[in-house]
Structures are given as C-alpha cells and as structure tokens.
There are 2 protein chains.
Amino acid sequence: MSQVLVASNRGPVSFSLSGDGTLTMRRGGGGLVSGLAAVTGGPAQADGRRSGAAQDGPEALWVCAALGDGDREAARRAPDGRLDLDGHDIGGAAVRMLDIPAATFHRAYNAVANATLWFVHHLLYDTPSMPHFDARSRRDWQSYEAYNAAFADALARDAAAGAKAAIQDYHLSLAPRMLRDRRPDLKIAHFSHTPWAPPEYYRLLPDDLGERVLDGILGADHAGFLAERWAQAFLDCCALLPGAKVDRVAGTVTRGGHVTTVGVHGLGIDGDALRRRAAEPDVAARLEALRAQVGDRRLIVRVDRTELSKNIVRGLAAYRELLVNHPEWRGRVVHLVFAYPSRYDLPEYREYTEAVREAAARITEEFGTPGWNPLILQVNDDFPRSLAAYRMADVLLVNPIRDGMNLVAKEAPVVSDNGCALVLSREAGAAAELADHALLVNPYDVSQTAEAIHRALLMPREECAARREGLAAAATALPPRQWFADQLAALD
Amino acid sequence: MSQVLVASNRGPVSFSLSGDGTLTMRRGGGGLVSGLAAVTGGPAQADGRRSGAAQDGPEALWVCAALGDGDREAARRAPDGRLDLDGHDIGGAAVRMLDIPAATFHRAYNAVANATLWFVHHLLYDTPSMPHFDARSRRDWQSYEAYNAAFADALARDAAAGAKAAIQDYHLSLAPRMLRDRRPDLKIAHFSHTPWAPPEYYRLLPDDLGERVLDGILGADHAGFLAERWAQAFLDCCALLPGAKVDRVAGTVTRGGHVTTVGVHGLGIDGDALRRRAAEPDVAARLEALRAQVGDRRLIVRVDRTELSKNIVRGLAAYRELLVNHPEWRGRVVHLVFAYPSRYDLPEYREYTEAVREAAARITEEFGTPGWNPLILQVNDDFPRSLAAYRMADVLLVNPIRDGMNLVAKEAPVVSDNGCALVLSREAGAAAELADHALLVNPYDVSQTAEAIHRALLMPREECAARREGLAAAATALPPRQWFADQLAALD
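Not measured: the values here are computed from a predicted model.

1. Looking at the side chain of aspartate 158 of chain B
Relative to the assigned elements, aspartate 158 of chain B resides in helix H4 (residues 135-158). Setting aside chain neighbours within four positions, we find aspartate 158 of chain B in contact with Gln3, Leu5, Leu61, Arg82 and Arg96 of chain B.

2. As for the interface of chain B and chain A
Contact residues are listed per partner, giving 40 residues for chain B and 40 residues for chain A. Interface area, chain B with chain A, both sides summed: about 3,200 Å², of which 43% is carbon and sulfur. One salt bridge in this structure joins glutamate 200 of chain A and arginine 402 of chain B, with 2.7 Å as the shortest N-O distance. The set of elements that each furnish at least two residues to the side of chain B that touches chain A consists of H4, helix H6 (199-202), helix H8 (228-239), helix H11 (312-325) and helix H16 (446-458) of chain B.

3. Quick look at the environment of leucine 67 of chain B
Residue and element names in this part refer to chain B. Along the polypeptide, leucine 67 turns up in the loop between strand S4 (60-65) and helix H2 (69-77). When its relative accessible area of 29% is taken as the criterion, leucine 67 is described as partly exposed. Considering only alpha carbons, one finds leucine 67 and alanine 285, 218 residues apart in sequence, at a separation of 32 Å. Those residues in contact with leucine 67 that lie beyond four places of it in its chain are Asn9, Arg10 and Phe105.

4. Focus on the relation of the copies chain B and chain A
The two chain copies are connected by a rotation around an axis plus a translation along it. It takes a turn of 180° to lay chain B on chain A, together with a shift of 0.0 Å along the axis; the resulting RMSD is 0.0 Å. A rotation of that kind, with that shift, is consistent with a two-fold axis. If distances are taken from each C-alpha of chain B to the rotation axis, the shortest is found for aspartate 126 of chain B, at 2.0 Å. Taken as a fraction of all interface residues of chain B, those also at the interface in chain A reach 100%, which identifies the copy contact as same-surface.

5. Regarding the state of the cysteines
Per the stated rule, a full pass over the model turns up zero disulfides over all chains. Unpaired in terms of disulfides, cysteine 238 of chain B finds its nearest cysteine sulfur in cysteine 237 of chain B, a separation of 7.1 Å.

6. Some words on the pairing of strand S8 (residues 222-225) of chain A
Residue and element names in this part refer to chain A. Side chains His222 and Gly224 of S8 all project onto a buried face; the interleaved residues Ala223 and Phe225 project onto the opposite face, where all are buried too. Pairing geometry for strand S7 (residues 187-192) and S8, over four bridges, is parallel. Bridged to serine 192 within S8 is phenylalanine 225. As defined by bridge partners, S8 adjoins strand S11 (residues 258-264) across four bridges and the pair is classed as parallel.

7. Structural notes on the environment of glycine 35 of chain A
Residues and elements named next belong to chain A. Residue position: glycine 35 is located in helix H1 (residues 31-40). As for glycine 35 and proline 480, which are separated by 445 residues in sequence, their C-alpha atoms are 4.9 Å apart. Not counting residues up to four positions away in its chain, the partners in contact with glycine 35 are Pro480, Arg481 and Phe484.

8. A word on the packing of aromatic side chains
Residue and element names in this part refer to chain A. Scanning the model with the defined rule gives 26 aromatic pairs over all chains in all. Considering the side-chain rings of tryptophan 196 and phenylalanine 234, the 5.1 Å spacing of their centres and the 90° angle between planes classify their relative orientation as edge-to-face. Highlighted residues: tryptophan 196 in the loop between S7 and helix H6 (199-202) and phenylalanine 234 in helix H8 (residues 228-239), separated in sequence by 38 residues. This pair shows no difference in class: tryptophan 196 is buried, exactly as phenylalanine 234 is.

9. Examining unusual backbone geometry
The peptide bond linking methionine 130 of chain A to proline 131 of chain A adopts the cis configuration, its omega dihedral lying at 0°. Positionally, proline 131 of chain A belongs in the loop between helix H3 (102-122) and helix H4 (135-158). Located in the positive-phi region is arginine 343 of chain A, a residue other than glycine, with phi close to 50°. When you line up the elements, arginine 343 of chain A lands in the loop between strand S13 (333-340) and helix H12 (347-367). Its relative accessible area of 15% is what places arginine 343 of chain A among the buried residues. Located in the positive-phi region is asparagine 311 of chain B, a residue other than glycine, with phi close to 70°. Classification of asparagine 311 of chain B as buried rests on a relative accessible area of 0%.

10. Looking at the sheet that holds strand S13 (residues 333-340) of chain B
Picture the strands of a sheet paired through backbone hydrogen bonds; they go either parallel or antiparallel. Residues and elements named next belong to chain B. Here we have six strands laid out as an open sheet, ordered S14-S13-S12-S15-S16-S17, and parallel in their pairing. Lying at the two open borders of the sheet, with one neighbouring strand each, are strand S14 (375-378) and strand S17 (439-441). For this sheet, the mean inter-axis angle between neighbouring strands, taken without regard to orientation, is 15°.

Conventions used here
- Residues numbered from 1 in each chain as written.
- Chains lettered and ligands numbered in written order.
- Predicted model: local features only at pLDDT ≥ 70, side-chain atom pairs only at ≥ 80, totals over all residues.
- Heavy atoms only, no water.
- Helix = DSSP H or I, 4+ residues; strand = E, 2+ residues; numbered from the N terminus.
- Contact = heavy atoms within 4.5 Å.
- Buried area = accessible area lost by both parts, 1.4 Å probe.
- Salt bridge = Lys/Arg side-chain N within 4 Å of Asp/Glu carboxyl O.
- Buried < 20%, exposed > 50% of the residue type's maximum accessible area, 1.4 Å probe, protein only.
- Least-squares fit on C-alpha atoms with pLDDT ≥ 70 in both.
- Disulfide = S-S within 2.5 Å.
- Pairing = 2+ DSSP bridges.
- Phe/Tyr/Trp six-rings, centres within 6.5 Å; stacked < 30°, edge-to-face > 60°.
- Axes fitted to C-alpha atoms, helices over the stretch in contact; angles between N-to-C directions.

These values are about where atoms sit, not about what they do.
If you want it as structure tokens, here you go:
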C-alpha cells in the first residue's frame, strides 16, 4: 500500500508546556490510533515506544490542529513542521500539528463546527431563536474555510503521489474538495463521526454554506458514515444539491463528472484491549471505592460528556419517574451519573451543565434519606472510574436524543462483571447493531425510559447474562482496525 | 350531493354572554365558511341572513367546539344540541357546538394540539429540553382522545347515510378513524392546515402516539394537504408505520385493507371579496392614519400572529442589518410590524412576545431620531388596519421558519395600491405557488433576508407592478370555494 495520511482536528498526542519551557507529550487513545496502527503495522495499544521491529505497512502521516499552548509551542519548535515525538510512534505515523491562529481556530471550531454543524446534525436548535445567520456568521465561516484550507495545504504538501488521505469528521467537511483541487492524484476518503441531518433540517443552513459542505465532502472519492441511517440522510441531502446525481442502489453521488461512493463503516470496541485495561489495578481501586458507596444496592450507571445531545436531564427525569411510580426501588437502588465537562466555551453547554446539576440535586433532596443517597453525580473525567462503574453496573442508561454511534453503549457490556442490562436510545447509531439485546427507548419519552429502567432492574440474571453476551459480541464485531482498514479499502 | 358535515375546533360563529344572560352571536370569517357556502349554495360573504331563496346544494352541518363561556351557554341552551342561529345561516350550514369539559378541552387544545403536534410539524422544539413526555403527557393525551371522540360521536349521530364529512386540522387527527369505526358508511376527508413533519422529527413523538395520529388520519378516505411538500412528508411518515403500504405514484396509503388517497389542495384568496373589503370606509380611515405616521417614507410591512413559527425576531434582526449595512435607508424607511397576540396560555408564547417587544425597542433606541421613528409595533388585532397596511406597503415581509401555507403573503398583493415586493420564506407552503414573483429567502439567514429587503426597496416600479400582478393571479387561482369543493370531490 502507498502512503496513508490521516487528518483530524484532534491529534493522537498533546503537549503541555511547563514553566521552564519543557514540553511533555501525552498520547491520546481512540479508535483512529489503533486503526492506523493496524494498517501501518506500528504499535498501538502499548506505550508506543518504537520497538525497532520492521514496519511492514505503508508510511503514515497524521495531520492535526495544535489545540493548546503546549501543542502550539511543539508545532513551532518542529523544524520542518513534523513533530519530534522523542522516539514515540503513534500508530506508526509521523505527526504534523498545524499552528492555526487562535482566533481562526476558535471561530472554525466553536462557532461553525460545534455551534452550527454539530447542532444541525443532532437537531439541537431552539429554532424560534437559533440558528441566526448574520454578518458574524459569514466571518466565522471564512475562518472555517481557512481552517480547512490549512489542512488541505499540509496534506497536499506532504502527500506522496497516489497516497490515500483519510479525512475525519465535521470539522473538516471542506478539506476533501480543497485537497482534490490541489492534488487530483490522491485518493481521498471522508468519514463522518456524527449523525447526518435530514434534508428538512439541513435546510436551516444558509443555502450556499449547506451546498459548500456537501460539495466539500463530495470532493472525496469515498464518504463514510457510522450507520445506514446517516448515510441515507446524506444521500437525501445530496439529491437536493444542484448538479448532483444520486444512485441509491449503488450508493454513489456523481457531481461534475466525479463519483463519490457512500458507505457505512460501523465502529466498535477492541474487546481484548478494553478487558485488559479494565483489569488494571487503578480500576480495581475505584471498584472498591464505588462498592463502599453503593453497598449491596442495585446500580444504574450513565457515563457521558455533558453534551446537549446526551439527554442527561431527561435521563434524570426518568430516574425520578421510576422512584415515583415504583417506590419499591427507593433505598434499594443508586444512580451513578458521570457527566464530564464538555464545550464550556459555548453558553448552551454551561447552561445545560447547570440544568444537570439542578435536576440531580432535586432528586437527592426529594428522595434522599439519612441512610440512602439515591444519586451520585460526578463531573470530573476519570476513565478508570468509568470502567469500574461499567463492571459494577446492573443497568446502563444510554439515552442520547441523537448520536453518531455511542461507544459507551458498546464498552460497558464488554467489561461487565455480572451482566448489565442496556437501556439504549433508538436514536443512537449503535441501536442498529445492538437492538436485539438492548431495551430500546424513544429518548424524548421519559415515561417509556423509566419503565425500561424498571424492566432492566427486574431482568432475570440469566437473561441479563445472555443479553450481555450478545451485546459484547456485537460491540466487538467491528473493531477500530477493521473500521479504519475499510475506509482505506473503499478507495481501491 | 348528499349531506356534508364539517368538523373543526373553531366554528363559524361565536357567542358572548352579557351580564343579563343575553347571548350575542358573531360570525367568523375564513376559507371554510365561504368554501362551504359555495358547496351548499348558502350565503357566505354577506351578513348571512337567510334570504328565503331555495338552497340548491346539500344539507350541511358544522360541528365545532364551544370555545368560551358564551359558546358554552349557547350550546347548553340548544335543546337538541343544534344552535338556534336566530335566522342566520352559516355558509348554508347548521351549527352544533360541543360543550367539552373545560379541563379536557384545555389539555387537548393547549397541551397536545398546540404544544405538541403544532411544535412537531413546525420543528419548533428546543430539543435538549423539550418535548418531555411523562405521566402528565399521557393524561393530556387521554383528553385529546376524549376531545376527538366527542367530535366523532356528534358526527356519527347526525350524519345521514353516505354523508361526506370534512374533518379539519391537527386538533382532530384521531377523529377520522373514530368516525369510521362508528359509521363505516360515511365518506371521510381530513385536511391538514399545518406543514407535516419529516420522519426524523416526527419520531420525537412517543411511538404509540405517533402511530395513533397517523392511524387516525388514515381512517379517512382522503387526506389533504396545502402543499406537495407536506403531503410527501406525510407519505414518508406513513411509510414507516407498521402495516402501512405507501404508493407514491398513486398517492395512496393502504392499511388494514383500507385505502386513503393523499392529495394537495392549495388554499388561496377570494380576490373580489378581499378587494371589496379593502375598499370599505374603515380601511380608508386607517389608511389615512397610517399615511400621517409614515409620511413619504418607504414602508416595509409585516402582519402576523405572535407565533413562534412566524419568525418575527429574526425579521426585526434583518431590518436592523439593513439599517446597518445600508445606512442610506435611515430616515427614509419605516417598518410597520403588526404582531397580534397568540396562544398566551403557553409560556413559550409569552416569552416570545416579550422577545419581539424587546427587539423592536432596541431598534427604535439604536436608530430613532427626533424626526424619524424607524419602527412601529402594533400588537392589537385590527383587520381593516392590516388591509390598509397591505394597500400602502412597498415591501411585505413574510419570513416564517415553517408555515402550512401563509395567507398574508397572498392577501397583500391582491389589494396593494401601487404594487408591493414580497420577501417570502421558502419554508412557507405559499412559496411553491408564489416563487416566480417573490424574493425567496431562507428564514434562518438574517443577512440574506436583509439583502432581499434591500433589493425589494430598490425594485423598479414597473418590475414591482408586474410581480404584483403575478402574485395576485397566483394568490387567487385557488379560491376557498374550489379548495373546499376539491376536498369533497376527492371523496367520489
């Protein structure tokens, strides 16, 4: 295979800058790192130190944005723009961090990607007042174009002839077209990790910007999605794009003589790696601490970023309705709510975080007794603690109003100690793969969600174990290496 | 033709109750009255006093809800339930007002029809927090069922064998099925005056309730919509309904052996009647008053209920952007904003009304001078004044985020004195009929709307007059009598 390039907003490493000017590197996780490692033959899940073993895969380069001061400093110190990873190897890839001006980055990332495209694809707008596209939106959009162009420039400069480029997500929807314009010899894939909006909602975007996003992705040879539903919605939007011809049977969009294939590549869990991680001592320590808090009560767990789409407030309302309608659970159940900070730059997220806090406090106040705390809310991110909660959970609640995939729903069943029942929103991409073994709910239907939790708590141990088996099998059926290899294979 | 029955929440008359117990009747207007009159041969636009002339059409009965204390009293005094209309005749129809218990009515009308179905079809929800279906929603739904059953009962009781029933709008989506169950001999039509939600948004409804609404309308032999787009969305939703078979070419839905045809019946203006009304003295008086306020400045007019879907706040923002980007208009233009009270029972509407007031006040404060008031906001409903504004307007702004049809966009061009340019949202059903002669805008795109107003103000007088001609012709092409006759004809 020829050279492989990856482009994504967040890269596989980040740097922190200490007072004396020292840069400390931290590796991130995620499916892309292990997916890329499997393609290149480089290390993935270990500490990443170069083993000296021959790499049998293609050369790889990962282009990402510098996200903080440490990243920016690291990017500036790299003489040719490629980071010195101090002997570390990221899935076999070299890394180039783009030092995009902070104001440009802020507008592209927050105003366009997160406050516009994310909102459109997740149907999050309070439409009577938002979105509101005005002169400022146009300026934000120019930054989004500049941000995408920076990626296209970097990819175009470093790509070998005929290389494959895998461009990731809604931050980079214009980059495929920009890269094709610069380097028509490349094979370009784009992958959307979000849902895709139906045409009637996609129309909220200003006409020209909506067209630019579609046209941008159609600059790729292949456009990938996490679920059939999102791929179909993308085709539906393309069918309304001037000059585009959609073939739903073949799954192609033809525009300006160029054909883009559209495919579905589900993303699952690397089961072995996750089970190993969940068996580490730091997880065991947290397991012990949680057991001390929960005692022998039944445990309902949720683990989310505090993201508008994750539907934490309605989840809490469902828990409240459970305690009202089925008072027999009072004193016998604990709801563990992990709600990690997210996108605090956007006012909607700060307000939502406050709404979560208030809803949780009201439940504690209404139902708590000296001997029983009905709800534990934790807002600091602690992955080993999440794994401990997964292992202990009797019920896992995953109720997003809309979600590209949702990996929490796939992680918990894989590491569960005693089997856990999954209450899952039908609006998560994962629902298509897990439907047979989960209790599906309409995320807007609080009563239905409460009844599903009740049913999950009552589920016989054997049924619970059998469902856990089925969920874990489905969750690990499409590990990251296959997901990423499929994106590249679709370019052949 | 056999007997015709009409069912709608609001009837053609209303009663007020004075302190001494006297009931005073007021006739309402609307397309249904004149549509029905044309079918029955009864009077429509006159004072409705029975002329003694033979009615050559079928017998007609109009079933509606008692909406206030006067209506309820009138319904109670009617010995057989049929109102004594004191010699008046409503489009040739007798009227039966249903005295539905106030709490039932409130929940059916406000909580389900207006705060749920209306929100779904107009995409109005602030999805991270609303809708929120819980135990209370179920109780509200039971009231909606009872409300629909009251209509079905009344229709079933009074319908002659083989009669035609024309059931109107989202308040009565269950009534067609309920009526068919009671009287399979009848021919039943349902007509939606709203848009219809795309399936991805319709799914917000609890599964069983969403199915009940579709199943309710599919109890009709014919389901009518104002625009092709809404009919298609209905078919799209039906395609996901268990047991339903959709034939898009024929425009039919088959379920349980019963076939429902789906059709589009645009609703326009009775041009002659409206022109006559606009020439009356009360309109002339208001015209004079408005001229004194506006002087020789250019006039931008909007006329709306203060309804979340009407997009008044973004319209004001567009006017502001016009004054910022094109300061040459300052002092030379006035924006007349008629925003009538609507649905004050719902907190969202009270907040929206306040937001309109604030946005208007900010513009006056920012741009107003001692000699120029840039904006006049009127919140009291005054139809003759609206007609006067239509006659004077240089630009009519109609920018709803979503609208079944929008008759304001059709009324103004018909009565305009000097031609008026129409800035029209592409999300209004009327856009399909008026597109050739209007300036279409994306209602979320404030900048585009501002530029369209600018262009409208600059439109040469001849182009303006020519467009007015085209708009008036399109607006009157489908008068209410044809619209209503088509609904009935679709049952043959």
